[in-house]
Amino acid sequence: MKPSSKIIIGCMSWGKWAKQLSTKEQIEMIQFCLENGNSFFDHADLYGDYTTESEFGKALQEGNFKRDDLHIITKCGIQNPGQTRNNYVKHYNYAKDYIIWSAEQSLKNLKTDYLDTFLLHRPSPLMNPSEIAEAINQLKESGKIKNFGVSNFTPSQVDLLNEKINVSVNQIEFSLTQNAAMSNCSLDQMQLKGIQPMSWSPLGSVFKEDNSQTNRIKVVLKKLSEKYNASEDTLLLAWILKHPSKVSPVIGTTNKQRIQQANFALTINLELEDWFLLWEASRGKEVD
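The present account deals with the structure reproduced in this document. (Residues numbered from 1 in each chain as written. Predicted model: local features only at pLDDT ≥ 70, side-chain atom pairs only at ≥ 80, totals over all residues. Heavy atoms only, no water.)

With that settled, the discussion passes to the overall build of the protein. Scanning the protein from N- to C-terminus turns up 11 helices and 10 strands. Scaling as 2.2 N^0.38, a compact globule of 288 residues should have a C-alpha radius of gyration of about 19 Å, and the protein matches this with 19 Å. Summarising its shape, the C-alpha atoms of the protein cover approximately 50 × 45 × 40 Å along the three principal directions. For the protein, with 288 residues in total, the buried portion stands at 53%. Relative to all contacts within the protein whose residues are 6 or more apart in sequence, the contacts with residues 24 or more apart total 75%. (Helix = DSSP H or I, 4+ residues; strand = E, 2+ residues; numbered from the N terminus. Rg over C-alpha atoms; globule rule 2.2 N^0.38 Å. Buried < 20%, exposed > 50% of the residue type's maximum accessible area, 1.4 Å probe, protein only. Contact = heavy atoms within 4.5 Å.)

In structure tokens:
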């Protein structure tokens, strides 16, 4: 089976930072996701204070999953202080040796021979595109990574790297309540250059905050939920999925019902005016 999934499973909450899933529970979750068509799993080296990758890797090994059935994404670059790293200040490191070391460490943690997609987690003002390109080319030539991308990079930062190395992914924050990517040229650039957009926190602040914006959105969502026979979180993902840049949402839930609801969003094509109705609720005014 060739991995194919528009809805990406974010694994940040699987370990120490939130759910603390056991190996058995992780095996069951991976199996459930694969059975429901979700074969892309999103990681970062620092998740769970640099422990979540290895816990996931243990589940992969003990669950006897076929590696080719999964698409594993991970990120590097953020250096946190703490017991697992000898850092005294949070910083970013994109030195050639560090990038290669980090990728190899993720391979060990995830118990795999290759990473499907390897991302730079956040841009650093000190990053050197030539040095980054040398590291990525070496990793690609050795077969340790297949695709290279970035996360949270602005269009100009992507252009800077693209001069030296092809960027195939940019994982950004994008949702109905945080939709600056539509006005700051991020999504325009990705369409233009054939870069795959992924969106973290795709539900935005709708269920996290109680303010005038989220209240307006909830009124519209309630109305549309009846029209489309879909949950409100499903409709928020459908709003993202309608964008022509073909954004892939990264969902952070470990709730099986919500994963299925997220997948249902793939079947919904919001009518044009309904899409703008939700955007209007987010903006608090009609389009200009």
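So, next bit.
Residues Ile30, Phe41, Phe56, Leu120 and Trp239 are the most contacted members of the largest nonpolar core, which totals 76 residues. When residues in this core are grouped by element, the largest group, seven residues, is from helix α9 (residues 232–241). In this structure Ile30 touches Trp14, Phe41, Phe56, Ala59, Leu60, Phe65 and Leu70, once residues within four positions along its chain are discounted. (Core = buried A, V, L, I, M, F, W, Y, C linked by side-chain atoms within 4.5 Å.)

Our next topic: the packing of helix α4 (residues 96–110) against helix α5 (residues 129–141). Contact pair α4 / α5: the axes reach a minimum separation of 8 Å and the direction vectors enclose 35°. The crossing of α4 and α5 is right-handed. The residues of α5 that touch α4, namely those facing Lys96, Ile99, Ile100 and Ala103, are Glu131, Ile132, Glu134, Ala135, Ile136, Gln138 and Leu139. Residues of the contact of α4 with α5, tallied by class, amount to seven nonpolar, one polar and three charged. (Axes fitted to C-alpha atoms, helices over the stretch in contact; angles between N-to-C directions. Left-handed = near helix turned anticlockwise from the far one by under 90°. Nonpolar A, V, L, I, M, F, W, Y, C, P; charged D, E, K, R; others polar.)

Pairing of strand β8 (residues 169–173) with strand β9 (residues 196–200) involves five bridges; the strand directions are parallel. The residue of β9 that forms the bridge with Gln171 is Met198. With respect to chirality, the unit in which β8 leads through helix α7 (residues 186–193) into the neighbouring parallel β9 is right-handed. Where β9 lies against strand β10 (residues 248–251), three bridges are found, and the strand directions are parallel. Residue pairing in the sheet places Trp200 in a bridge with Val250 of β10. (Pairing = 2+ DSSP bridges. Right-handed = clockwise from strand over helix to strand, strands pointing away.)

In this section: the pattern of salt bridges. Tallied over the full model, the rule gives 10 salt bridges. A salt bridge links Glu134 to Lys96, with the shortest nitrogen-to-oxygen separation between them at 3.7 Å. Of this pair, Glu134 sits in helix α5 while Lys96 sits in helix α4; the two residues are 38 residues apart in sequence, bridging distant segments of the chain. Here Asp288 makes a salt bridge to Arg283, at a shortest N to O gap of 3.6 Å. Asp288 sits in the exposed class, given a relative accessible area of 87%. For Arg283, a relative accessible area of 30% puts it in the partly exposed group. Look at the salt bridges and you will find they share partners, linking Lys227, Glu271 and Asp274 into a network. (Salt bridge = Lys/Arg side-chain N within 4 Å of Asp/Glu carboxyl O.)

Before going further, it helps to spend a moment on unusual backbone geometry. For Ser201, which is not glycine, the phi torsion reads 50° and is therefore positive. The residue Ser201 is located in the loop between β9 and α8 (212–228) in this model. Here the phi dihedral of Asn229 falls at roughly 50°; this positive angle occurs in a residue that is not glycine. Examined against the element boundaries, Asn229 turns out to sit in the loop between α8 and α9.

This part covers the sheet that holds strand β3 (residues 71–76). Taken in spatial order, the eight strands close into a barrel running β1-β2-β3-β6-β7-β8-β9-β10, and their pairing is parallel. Averaged over all pairs of adjacent strands, the angle between their axes in this sheet comes to 30°, without regard to strand direction. Two strands pair when backbone bridges link them, and β3 and strand β6 (residues 115–120) are joined in this way by four bridges, in the parallel orientation. Paired with Ile73 across the strands is Thr117, a residue of β6.

Counting buried positions over the five residues of β8 gives four, a clear majority of the element. Strand direction decides the pairing type here: strand β7 (residues 145–151) and β8, joined by three bridges, are parallel. Each residue of the ladder has a partner; that of Val150, found in β8, is Asn170. Each parallel crossover has a hand, and the one from β7 via helix α6 (residues 155–162) to β8 is right-handed.

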